[in-house]
Amino acid sequence: MEIQLNINNGFTWFVKNNVFFKGYFYLENNFYNQQKALELLLKTEDFKDLLEKVNGVFTIIKKGEHNTVVITDVTRSFPVFYTQTNNSWCISDDIYALKRKKPNLKFNKNAELEFLASNHVHGKKTLLDGIYQTQSSEYIEFSSNKIKEQFFYFSYSTRKQNNKPVLELKKACFSAFENSFKRCLNSLRNNHIIVPLSSGLDSRLIAVFLKKHNYKNVLCYTYGKKDSFEINNSKKTAEALNFKWVFIEYTDSIIGDFLETNQFKQYIKYAGKLTSMPNLQEYFAVHYLQENNFLEKDAVFIPGYAGDILGGSEYKFYNNQLNKNNLTEFIFKNKMTNFVFSDEQKNKTLQDIEHNLISFDAHYQQKIPETVLDDYNIKERIAKYIFNSSSFYTFFGYKTRFPFWDKELLCFFKELPIAYKRDKSFFDAVLNDYYFKEHNVNFEDNTEVKKSSFQQLKSILKTFLPTFIKKKRLEKRDWNNYKIITLKMLAQLKERNLTVFRLYKDYNEIITQWYLYLVKNKL
């Protein structure tokens, strides 16, 4: 067994006596990171028992005489990759290190389709045949030449709902928020806290909680176009809480000739990992903040990942016909939207989705269908696309915290009755009543837009609009000014006579195709 761990941006690997640790966790409300966490792990005989109690963001590797155990947390913030060479396993946090060991590996065609359709590869696959990735909440035990044991130790799917009266549920939810966010604050040592503040509720709650607990060393920032709808509420929130606020306008002068810089080329390799679309949304903002000395060396970014998912923001896509027998088709229809599949490609992708569902939970058909979809979404899109996008914080050397993804909050919301998630009203009401009103940030447009069945019909009809109308609609919704970023990519592709397929649903379809050309050495 060979272990190569090379990446120490933001969070550092700590190693002793064949135990490797990266990240942080809470145990009985005590915070463990760095050497303190490592020492606890060295004393731990039963890692499976520890997983029942531990709560955090981490990857753990324990190399034994005959077996090696790898464990990732629910966010999969620090994925590692594995392959077999000469009948032995090789594990690394750098997929390119494994690629150099096996330079003749071919690209996985099915993984490419998933990548183009959903911005990431599904299951344990990577874009390369024969190299695999660790997944959200995964425990893997490797023996000399095979995987001895593999399972997912946390699932968001459930058979039961918490049917207590709504007032009791709101009080329990408030308690879960308080406990989770206090754990987050207790892990900080007066670090400089950076809040990417949008107009949404998740980042606003983070700012309010910092104010509520008298945390002063805070910087909020917003980015994008100068007429972005995000600006008004984010600025008002920062002013009401008396936090410093910076707006970074995405213009040509900020974006620059980024494709030609060594720093950006390194970032693409760091963030893409041959598994996920490198998210560019905040890359330029974090770079700007660092270059202009807004960030202290110990800065910790606390983004609002991904509270709205807990509240039920995905439920606007669910329908009353959802059942245990159509989950695979539903996932395909709603998660593989940026590519037009042939019948053969669709059938193979459906088989892979079903395989993943069974891998996540062999008894998934006995669970509440909506929670099974939530679990799939958490292990796939949320882990591999949303949390992977935090790469733009760690790449520049900063740590992160994700208070919404505390296990106590996850366990509360997974059993919240489906009726309270359908329009996200429960989540929004708790934030408004227990936090926003008290701090005068309960703005009139506080409740996020819900999607009616009529609006869902409109979304379907949009696919039949002429291309020039779809293009105009896309540009109108481009609050982050992705157009000027992706125009540079399109120009580079055109120079090399490389084609780009457009559905005009979003700008990610350009970035994913550009990335695939890049990793195939066509750029």
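Above: the structure in question.
Predicted model only: the values in this text are computed from it and were never measured.

**With respect to the pairing of strand β7 (residues 81–85)**
- Burial within β7 is extensive, with four of its five residues counted as buried.
- Linking β7 to strand β8 (residues 88–92), which pair antiparallel, is a turn of two residues; within it Asn86 sits at a positive phi near 55 degrees.
- When β7 meets strand β9 (residues 132–133), the two strands line up antiparallel, connected through two bridges. Bridged to Tyr82 within β9 is Tyr132.

**Side note on the pattern of salt bridges**
- Using the criterion set out here, one finds 26 salt bridges in the structure.
- The closest approach of N and O atoms between Asp406 and Arg183, which form a salt bridge, is 2.9 Å. With Asp406 in the loop between β16 (399–400) and α16 (407–414) and Arg183 in helix α5 (residues 166–186), the pair connects residues that are 223 residues apart, well separated along the chain.
- By relative accessible area, Arg183 is classed as buried at 10%.
- Of the charged contacts in the structure, one is a salt bridge between Lys483 and Glu475, with a shortest N-O distance of 3.2 Å.
- Given the relative accessible area of 32%, Lys483 is considered partly exposed.
- Among the charged side chains, a network of salt bridges with common partners joins Glu114, Lys125, Lys348 and Asp352.

**Topic: the packing of aromatic side chains**
- Tallied over the entire structure, the rule returns 59 aromatic pairs.
- Plain terms: the ring middles of Tyr82 and Trp89 are 5.9 Å apart, the flat faces sit at 65 degrees to each other, and that makes the pair edge-to-face.
- Judged by its relative accessible area of 8%, Trp89 falls in the buried class.
- Look at Phe339 and Phe341: their rings are 5.2 Å apart centre to centre, the planes differ by 85 degrees, and that puts the pair in the edge-to-face class.
- According to the relative accessible area criterion, Phe341 is buried, its value standing at 14%.
- Above the ring of Tyr270, the side-chain terminus of Lys273 is found at 5.5 Å from the ring centroid.

**Looking at the environment of Leu289**
- Looking at where Leu289 falls in the secondary structure, it is placed in helix α10 (residues 283–291).
- On a C-alpha basis, the gap between Leu289 and Phe396 in space is 10 Å, while along the polypeptide they are 107 residues apart.
- What Leu289 contacts, discounting residues up to four positions off in sequence, is Leu219, Tyr221, Val246, Ile248, Phe294 and Leu295.

**Points about the nonpolar core**
- Phe177, Tyr221, Leu280, Trp405 and Phe413 are the most contacted members of the largest nonpolar core, which totals 138 residues.
- Core analysis: the second largest hydrophobic core is formed by 22 residues, Ala117, Phe152, Ile331 and Leu357 among them.

**Brief notes about unusual backbone geometry**
- Not every positive phi belongs to a glycine, and Arg76 is a case in point at roughly 55 degrees.
- Its location among the elements puts Arg76 in the loop between β6 (68–72) and β7.
- Assessed through its relative accessible area of 2%, Arg76 is described here as buried.

Cut-offs used in this document
- Residues numbered from 1 in each chain as written.
- Predicted model: local features only at pLDDT ≥ 70, side-chain atom pairs only at ≥ 80, totals over all residues.
- Heavy atoms only, no water.
- Buried < 20%, exposed > 50% of the residue type's maximum accessible area, 1.4 Å probe, protein only.
- Helix = DSSP H or I, 4+ residues; strand = E, 2+ residues; numbered from the N terminus.
- Pairing = 2+ DSSP bridges.
- Salt bridge = Lys/Arg side-chain N within 4 Å of Asp/Glu carboxyl O.
- Phe/Tyr/Trp six-rings, centres within 6.5 Å; stacked < 30°, edge-to-face > 60°.
- Lys NZ or Arg CZ within 6 Å of the ring centre and 35° of its normal.
- Contact = heavy atoms within 4.5 Å.
- Core = buried A, V, L, I, M, F, W, Y, C linked by side-chain atoms within 4.5 Å.

Bear in mind that shape data such as this cannot, by itself, settle questions of function.
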